[in-house]
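One letter stands for each residue in the lines below.
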Amino acid sequence: MRRRWKGDGGYCEVLNIAVPMILSMGSWSLMHFVDRVFLTWYSRDALAAALPSGILSFTLGTFFLGTAGYVNTFVAQYMGANRPERVGASVWQGIHFSILAGLFLLVGIPFAPWIFDAAGHEPSIRALEVVYFQILMVGWLPGLIMPAVSSFYSGRGVTRPVMWVNLVAATTNIGLDYILIFGKLGLPEMGIEGAAWATVLAHCFGAIVFLLMFHLFYRYLLIC
């Protein structure tokens, strides 16, 4: 049992890699959960609108999210083959894909009123659903860049930086939710729009941090 726990490829090694990744992926769910918690305190209609529109947005983006995250497979393969010079190309391909996919998902924005009309919800809730959905779709561009660039770390088995950036982004979302939904620090009260923009801005923060980390440490990887 001790050998299985501490040996190469043992339980401890697997958990050291897996647990930070589990927490990283959980940060996405945490952001939407926090949105709904704050909206519970703001408006019952806003809460009712956030769930279906949030689920629809996530459903439409999930395929592209999984594809962007697949970059870590190529990073792992090139590191295993001792070809670190190909790691950067793989990450940049992921960035290019994420940008194109994020732009493609914007196509769904004009169709939002028709989609939620078909759902048959009350007009007051439908209007909030449309707004929340449309803003969340804007956030897919930075949201897809995050897993693509973070694969530079996760593909090499370095998962703790990925975890910390995602958790800080989720924490940023909490603070922005409070400020934007309720109109704090001199900003206007935005309600469900504020919740959506808080999530989008948190994704932008995470994407920028990952891009900076990739820019700073990729050359170091080549030198080593």
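Everything discussed here concerns the structure shown above.
Residues numbered from 1 in each chain as written. Predicted model: local features only at pLDDT ≥ 70, side-chain atom pairs only at ≥ 80, totals over all residues. Heavy atoms only, no water.

**Q** What should I look at first to understand the packing of aromatic side chains in this one?
**A** One pair of aromatic rings is described through two measures. These are the centre distance and the angle between the planes. Applying the stated criterion across every chain yields a total of 13 aromatic pairs. A ring pair is formed by W92 and F214, whose centres lie 6.4 Å apart and whose planes are at 65 degrees; its orientation type is edge-to-face. Note that W92 is positioned in helix α5 (residues 87-105) and F214 in helix α10 (residues 192-223), a separation of 122 residues in sequence. What makes W92 partly exposed here is its relative accessible area of 43%. Directly above the aromatic system of F152 lies the positively charged group of R156, at a separation of 4.3 Å from the ring centroid. (Phe/Tyr/Trp six-rings, centres within 6.5 Å; stacked < 30°, edge-to-face > 60°. Helix = DSSP H or I, 4+ residues; strand = E, 2+ residues; numbered from the N terminus. Buried < 20%, exposed > 50% of the residue type's maximum accessible area, 1.4 Å probe, protein only. Lys NZ or Arg CZ within 6 Å of the ring centre and 35° of its normal.)

**Q** Hey, could you run me through the side chain of H32 in this one?
**A** Mapping H32 onto the fold places it in helix α2 (residues 11-42). Apart from the residues lying within four places of it in its own chain, the contact partners of H32 are Y132 and L136. (Contact = heavy atoms within 4.5 Å.)

**Q** Before we go on, may I ask you to explain a nonpolar patch on the surface in this structure?
**A** Taken together, the side chains of I99, L103, L106, V138, W197 and L201 present a nonpolar region at the surface, about 440 Å² in accessible area. For the nonpolar patch, the elements supplying multiple residues, two or more each, are α5 and α10. Among the secondary structure elements, W197 is positioned in helix α10. A residue is classified by how much of its surface remains accessible, and W197, at 31% relative accessible area, is partly exposed. (Patch = residues over 30% accessible without salt bridge, like charges linked within 9 Å, V, L, I, M, F, W, Y side chains within 5 Å. Areas by Shrake-Rupley, 256 points an atom, 1.4 Å probe, with all protein chains shown as cover. Salt bridge = Lys/Arg side-chain N within 4 Å of Asp/Glu carboxyl O.)

**Q** Explain the environment of V19 to me, please; I cannot follow it from the model alone.
**A** Structurally, V19 can be placed in helix α2. Residue class for V19 comes out partly exposed when judged on its relative accessible area of 37%. Taking the C-alpha atoms as reference points, V19 and T159, 140 residues apart in sequence, are found 8.6 Å from one another.

**Q** Quick question: what am I supposed to make of the environment of D45 here?
**A** Summarising the element assignment, D45 is placed in helix α3 (residues 44-69). Sequence separation between D45 and E129 is 84 residues; the distance between their C-alpha atoms is 9.5 Å. Sequence-distant contacts of D45, defined by excluding residues within four places in its chain, comprise S124, I125 and L128.

**Q** How should the pattern of salt bridges be read in this particular structure?
**A** Per the stated rule, a full pass over the model turns up two salt bridges. The partner of D117 in a salt bridge is R126, with the nearest N and O atoms 2.4 Å apart. Exposure remark for R126: the relative accessible area of 22% places this residue in the partly exposed category.

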